[in-house]
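Descriptive structure summary
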Amino acid sequence: MYCGMAGAVGTALFCNFAWGSPAHPAVATGIGFMIFCASLLGDLSVSAMKRDAGLKDAGSLIPGHGGILDRFDSYFFSAPTAYFCWYMYLKACGISWTPLLRS
């Protein structure tokens, strides 16, 4: 659990500095923590859906790993959360995405 949180916060800080530090490091750390929480929520919600359906594995493509759905379950909530957080922060600061993508 702590490794996931460290990875999410570290990635948010890395992306912040790679994009020319548009946010204060504390803001990037907060966004990384929110992405971690969304990732955990995605994992738990997919597990709950599988439990309600009475399935141990969501497929047999990757045997012993819970299926292909378990490889992507954390992205269901974390990707939209990451986009929303950075979009709202940059919009509030008056920074456009376009120059960041061209660098």
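Residues numbered from 1 in each chain as written. Predicted model: local features only at pLDDT ≥ 70, side-chain atom pairs only at ≥ 80, totals over all residues. Heavy atoms only, no water.

Notes on the overall build of the chain
We count it as follows: Numbering of helices and strands runs from the N terminus, with a helix taken as a DSSP run of H or I at least four residues long and a strand as a DSSP run of E at least two residues long. The classification of residues rests on relative accessible area computed with a 1.4 Å probe and restricted to protein chains. Under 20% of the type maximum is buried, over 50% is exposed, and intermediate values are partly exposed. Note on contacts: a residue pair qualifies if any of its non-hydrogen atoms lie within 4.5 Å across the two residues. The Shrake-Rupley method, run with a 1.4 Å probe sphere, supplies the accessible areas, and residue values consider only the shown protein chains as cover.
When you go through the chain residue by residue, the secondary structure sums to 5 helices and 0 strands. Each helix and strand of the chain, placed in order from N terminus to C terminus, yields the pattern α-α-α-α-α. Considering the chain as a whole, with its 103 residues, one finds that 25% of them fall into the buried category. The long-range share in the chain, meaning contacts at least 24 apart out of those at least 6 apart in sequence, stands at 55%. Entry remark: accessible area of the chain is about 6800 Å², with carbon and sulfur atoms responsible for 69%.

Focus on the packing of aromatic side chains
Stated precisely, the cut-off is as follows: When the centres of two rings from Phe, Tyr and Trp lie within 6.5 Å, Trp using its six-membered ring, the rings pair. Their planes under 30 degrees apart give stacked, over 60 give edge-to-face, and anything left gives tilted.
Within this structure, the stated rule accounts for 3 aromatic pairs. Measuring from centroid to centroid gives 6.3 Å for F72 and Y75, while their planes differ by 45°, and the two rings are tilted. Take F72: its relative accessible area is 42%, and that puts it in the partly exposed class.

Side note on the confidence of the model for the chain
The test is simple: Confidence per residue, as judged by the predictor, is encoded in pLDDT with a range of 0 to 100.
Here the chain averages 82 in pLDDT, and 82% of its residues register 70 or above. Per-element mean pLDDT across the chain ranges from 64 in helix α5 (residues 97-102) up to 89 in helix α2 (residues 25-53).

Regarding a nonpolar patch on the surface
The line we're drawing: Exposure above 30% relative accessible area and the absence of a salt bridge qualify a residue for a patch, where like charges join within 9 Å and nonpolar side chains (Val, Leu, Ile, Met, Phe, Trp, Tyr) within 5 Å. Whenever Lys or Arg places a side-chain nitrogen within 4 Å of a carboxyl oxygen from Asp or Glu, that contact is recorded as a salt bridge.
Together, L41, I68, F72, Y75, F76 and F77 give the surface a local cluster of nonpolar side chains, amounting to about 590 Å² of exposed area. Mapped onto the elements of the fold, Y75 is located in helix α4 (residues 75-93).

Things to note about α2
To be explicit about the condition: To estimate how far a helix should reach, multiply one less than its number of residues by 1.5 Å.
Taking 1.5 Å of rise per residue, 29 residues should cover 42 Å, and α2 covers 42 Å from first to last C-alpha, within 8% of that figure. Those residues of α2 not exposed but buried are A28, I31, G32, I35, F36, A38, G42, V46 and K50. Residues of α2 that are buried in the fold lie against α1 (2-18), α3 (69-72) and α4.

Quick word on the packing of α2 against α4
Applied cut-off: All axes are obtained by fitting lines to C-alpha atoms, using only the stretch in contact for helices, and the reported angles, taken between N-to-C directions, cover 0 to 180 degrees. Should an angle lie under 35 degrees it is considered roughly parallel, over 145 roughly antiparallel, and from 65 to 115 roughly perpendicular; all remaining angles are considered oblique. With the far helix as reference, a near helix turned anticlockwise by less than a right angle produces a left-handed crossing, and one turned clockwise produces a right-handed crossing. For this classification, the nonpolar set comprises Ala, Val, Leu, Ile, Met, Phe, Trp, Tyr, Cys and Pro, the charged set comprises Asp, Glu, Lys and Arg, and every other residue, Gly included, is treated as polar.
Two elements in contact, α2 and α4, have axes whose closest approach is 7 Å; the angle formed by their N-to-C orientations is 155°. Compared by their axis directions, α2 and α4 come out roughly antiparallel. Both α2 and α4 take part in a crossing whose hand is right-handed. Only F76, F77, S78, T81, A82, C85, W86 and Y89 of α4 make contact with α2, whose side of the interface consists of V27, A28, I31, M34, I35, A38, S39, L41, G42, S45 and V46. Counted by class, the contact of α2 with α4 contains 14 nonpolar, 5 polar and no charged residues.

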